[in-house]
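Structural features, examined
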Amino acid sequence: MAHRGLLPFGRLVKESSPLSGSFRTIFSPRPLSLRSQNLPTKLNVRHASSTRETSATSRLVNFFYGTTLIFGLGIVYFYVTDTRASVHKWIAIPVLRYVYPDPEEAHHAGNRALKALWDIGLHPRERGDPDAAQDLAVEVLGHTLRNPIATSAGIDKGADIPDPLLAIGPAIIEVGGATPQPQPGNDKPRVFRLTSQNAMINRYGLNSEGADHVAMRLRQRVREFAHSLGLGHDAAAEKAVLDGAAGVPPGSLTAGKLLAVNIAKNKSTPGDDVQAVTDDYVYCVNRLAPYADILVVNVSSPNTPGLRTLQQSDTLKRILTGVVHAANSVDRKSKPAVMVKVSPDEDTDAQIAGICAAVWASGVDGIIVGNTTNQRPKPLPYLRDYSPVEEQHLLEHGGFSGPHLFNRTVALVKRYKALLEEQPEDIDGPQRSRSALEVEAEKLRASINQSEETKLQEPPIPGTVVETPKDSTVQEETQKAKAELEQQNTSERDRLQSILDVLDRLPAKDTFEQTTKPKAIFATGGITNGQQAAEVLDAGADVAMVYTALVYGGVGTISRIKDELRATKRT
């Protein structure tokens, strides 16, 4: 028997085999009816329609996924590049510490990351321009700054990342310190974390690539800025920007912000050779002053032998006078301000008075109060105790920095403010030299007038007679003598008049009196939050500077401090 199964396109037949007695299945085509012949066409149409529907669905799904991905990446981009994102403090900083146990290596890695992110436009920055309301604006050194917060030297020693640092919110950044010639600094390891107390110890020893190398970076930065404005990329374009053609400070290249450059002597320069030390600072000024809004004379690092001895009044006066003269000679329409950075350890009345006397006498524009200290403060009770490893770090030589210095910073600011508020009467500096110049001018005028009167009342030349001589030889000698005398008088009058012209071009007396206004005071040391910034500003500082808090808090520290400072002002 055969069992037959019908198929649309043929028939399936099962037949027995006479040889094996088994069944085999065969496919036997069958004629298709007209209706059955149309079936493939309908199936093809249905299949094509289904394919189009599937393709459309697939495109819709892909669009949805793509849009979601782009939107998600956009959210991540805006979040990660905002300084207020907590990821910078709670993820970036711990990761750096974990990957780089040595704090110096972690520092370098962080700077490299900031530079790389800046180059591709993914750097952290303050979003929303919170300073636009000008609620924190301050007048400092003749500039209106967007806020009173700054970063201290040491974060960017070689001027590698001034723009990324400006982008995270401070109104002033301090790069350096730079020394005249390159020097490696002290042996490694030279930086030690005290994480439990948010503090650190360093003995870098002013490691520097040298003033020329730092100047090269700053010059390139100015030229790139000039190129972005369509001014070109040559020396002429650079000079135009430095002379104010862009309408921004020539150092920061950013409206409402300033760039300070910290300078110091080389370790190999003998500290007791004041002229050699002054030459070191002047060398740095000549190279770096064109690209700085503020020059900071560093005489307070504890890690360079003999440096702090330069804070003695007479020595400091000579150094600062040389720096001020060099800064005023820079080939730029606006001259950089000059400040001196003083140690928190020189805190006796005599030391502070001597420093202030040198500041007034030399004509510098202000001081930065504070640096690291050689002391080892007790642990702060509201933080964790030192770990055994950190207890060992405390025995290391170097400067201590951290929140422990805050109270000392406030106290020093108050003391310096009292002495820098008004120039003492017994200190004769460039600000009080106008009266002496005026006296000298009067003497010169009298000398010129006397010269004129002498000419009108000239006595006969010795050996001659008043009457016209009959001897032609005597007449010639007389005329020659008169000509020589006239030439001498003319030369002397011209010399005196040229000096008088210079004196007349000096600022008026009231302008000189205006320069006796209080010196600017920047405070650094232990400032970690907005409340402390407000306190140090209330004590008399014009600017609050941050260093260690930034190391532990990440790039969002400046924004946080400013937000807290605003909240303090509202209460």
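Being a predicted model, the structure only gives us computed values, none of them experimental.

When helices and strands are counted, the protein shows 17 helices and 16 strands. Per-residue burial for the protein yields a buried fraction of 45% across its 571 residues. Pairs at least 24 residues apart make up 71% of the contacts formed inside the protein by residues separated by at least 6 positions. Just so you have it, the protein exposes about 29,800 Å², and 57% of that area is on carbon and sulfur atoms.

Time to look at the packing of aromatic side chains. All told, the structure shown has one aromatic pair when counted by the stated rule. Between Tyr77 and Phe78, the aromatic rings sit 5.1 Å apart at their centres with planes inclined by 75 degrees, giving edge-to-face as the arrangement. Residue class for Tyr77 comes out partly exposed when judged on its relative accessible area of 27%. Taking NZ or CZ as reference, Arg287 lies 3.9 Å from the ring centre of Tyr283, over its face.

On to the pattern of salt bridges. What the rule picks out here adds up to 22 salt bridges. Between Glu174 and Lys341 there is a salt bridge, and its shortest N-O distance comes to 3.8 Å. Here the residue Glu174 occupies a position in strand β7 (residues 172–178), and Lys341 occupies one in strand β12 (residues 337–342), the gap between them amounting to 167 residues. Considered together, Glu174 and Lys341 belong to a single accessibility category, that of buried residues. Taking the shortest distance from any N to any O, the salt bridge between Arg217 and Glu209 comes out at 2.7 Å. What makes Arg217 partly exposed here is its relative accessible area of 23%.

This part is about the packing of helix α5 (residues 211–228) against helix α6 (residues 235–242). Where α5 contacts α6, the axes come no closer than 9 Å and their chain directions differ by 90 degrees. The orientation of α5 relative to α6 falls into the category roughly perpendicular. When α5 is examined against α6, the residues Arg219, Val222, Arg223, Phe225 and Ala226 are found in contact with a partner set consisting of Ala235, Ala237, Glu238, Val241 and Leu242.

Reading around the barrel, the eight strands line up as β6-β7-β10-β11-β12-β13-β15-β16 and close back on themselves, with parallel pairing between neighbours. Each strand axis lies, on average, 25 degrees off the axis of its neighbour in the sheet, ignoring direction. Pairing geometry for strand β6 (residues 149–151) and β7, over two bridges, is parallel. In the sheet register, Thr151 faces β7, and the bridge partner there is Ile173. Against the sheet, helix α15 (residues 530–538) touches β6, β15 (520–524) and β16 (543–546), its axis set at about 140 degrees to β16.

Taking 1.5 Å of rise per residue, 15 residues should cover 21 Å, and helix α11 (residues 406–420) covers 21 Å from first to last C-alpha, within 8% of that figure. Those residues of α11 hidden inside the fold are in contact with β12, α9 (349–362), β13 (366–369), β15 and α15.

A separate point is the UniProt feature "transmembrane region" (unreviewed entry) in the protein. The positions UniProt marks with the feature "transmembrane region" (unreviewed entry) are residues 60–80. Measuring from the first to the last C-alpha atom of residues 60–80 gives 30 Å, for a span that is 100% helix and 0% strand.

Let us now look at the nonpolar core. Formed by 86 residues in total, the largest nonpolar core has its most connected members in Tyr281, Leu288, Val340, Tyr416 and Val536. With sequence-adjacent residues up to four places away left out, Leu288 is seen in contact with Ala178, Ala211, Val214, Ala215, Leu218, Val261 and Ile263. Counting residues in hydrophobic clusters, the runner-up holds 16 residues, among them Leu258, Ile294, Met339 and Ile368.

A separate point is unusual backbone geometry. For the peptide bond that leads from Gly176 to Gly177, omega is 5 degrees, which places it in the cis range. Positionally, Gly177 belongs in strand β7. Geometrically, the link from Lys188 to Pro189 is a cis peptide bond, its omega value of -5 degrees lying close to zero. Within the secondary structure layout, Pro189 lies in the loop between β7 and β8 (191–194). One non-glycine residue, Asn198, lies in the positive phi region at around 50 degrees. Mapped onto the secondary structure, Asn198 falls in the loop between β8 and β9 (199–202). Positive phi outside glycine occurs at Leu253, with the angle close to 60 degrees.

Further remarks concern the packing of helix α8 (residues 313–328) against α9. Two elements in contact, α8 and α9, have axes separated by 8 Å at closest approach and are oriented at 30 degrees. Here α8 lies roughly parallel to α9, going by the angle between them. Crossing handedness for the pair α8 and α9: right-handed. Here α8 contributes Ser313, Leu316, Lys317, Leu320, Thr321 and Val324 to the contact with α9, which in turn contributes Gly354, Ile355, Ala357, Ala358, Ala361 and Ser362.

Conventions and cut-offs
- Residues numbered from 1 in each chain as written.
- Predicted model: local features only at pLDDT ≥ 70, side-chain atom pairs only at ≥ 80, totals over all residues.
- Heavy atoms only, no water.
- Helix = DSSP H or I, 4+ residues; strand = E, 2+ residues; numbered from the N terminus.
- Buried < 20%, exposed > 50% of the residue type's maximum accessible area, 1.4 Å probe, protein only.
- Contact = heavy atoms within 4.5 Å.
- Areas by Shrake-Rupley, 256 points an atom, 1.4 Å probe, with all protein chains shown as cover.
- Phe/Tyr/Trp six-rings, centres within 6.5 Å; stacked < 30°, edge-to-face > 60°.
- Lys NZ or Arg CZ within 6 Å of the ring centre and 35° of its normal.
- Salt bridge = Lys/Arg side-chain N within 4 Å of Asp/Glu carboxyl O.
- Axes fitted to C-alpha atoms, helices over the stretch in contact; angles between N-to-C directions.
- Parallel < 35°, antiparallel > 145°, perpendicular 65-115°, else oblique.
- Pairing = 2+ DSSP bridges.
- Expected span 1.5 Å × (residues − 1).
- UniProt positions renumbered as here; feature names shortened; annotations may be inferred.
- Core = buried A, V, L, I, M, F, W, Y, C linked by side-chain atoms within 4.5 Å.
- Left-handed = near helix turned anticlockwise from the far one by under 90°.

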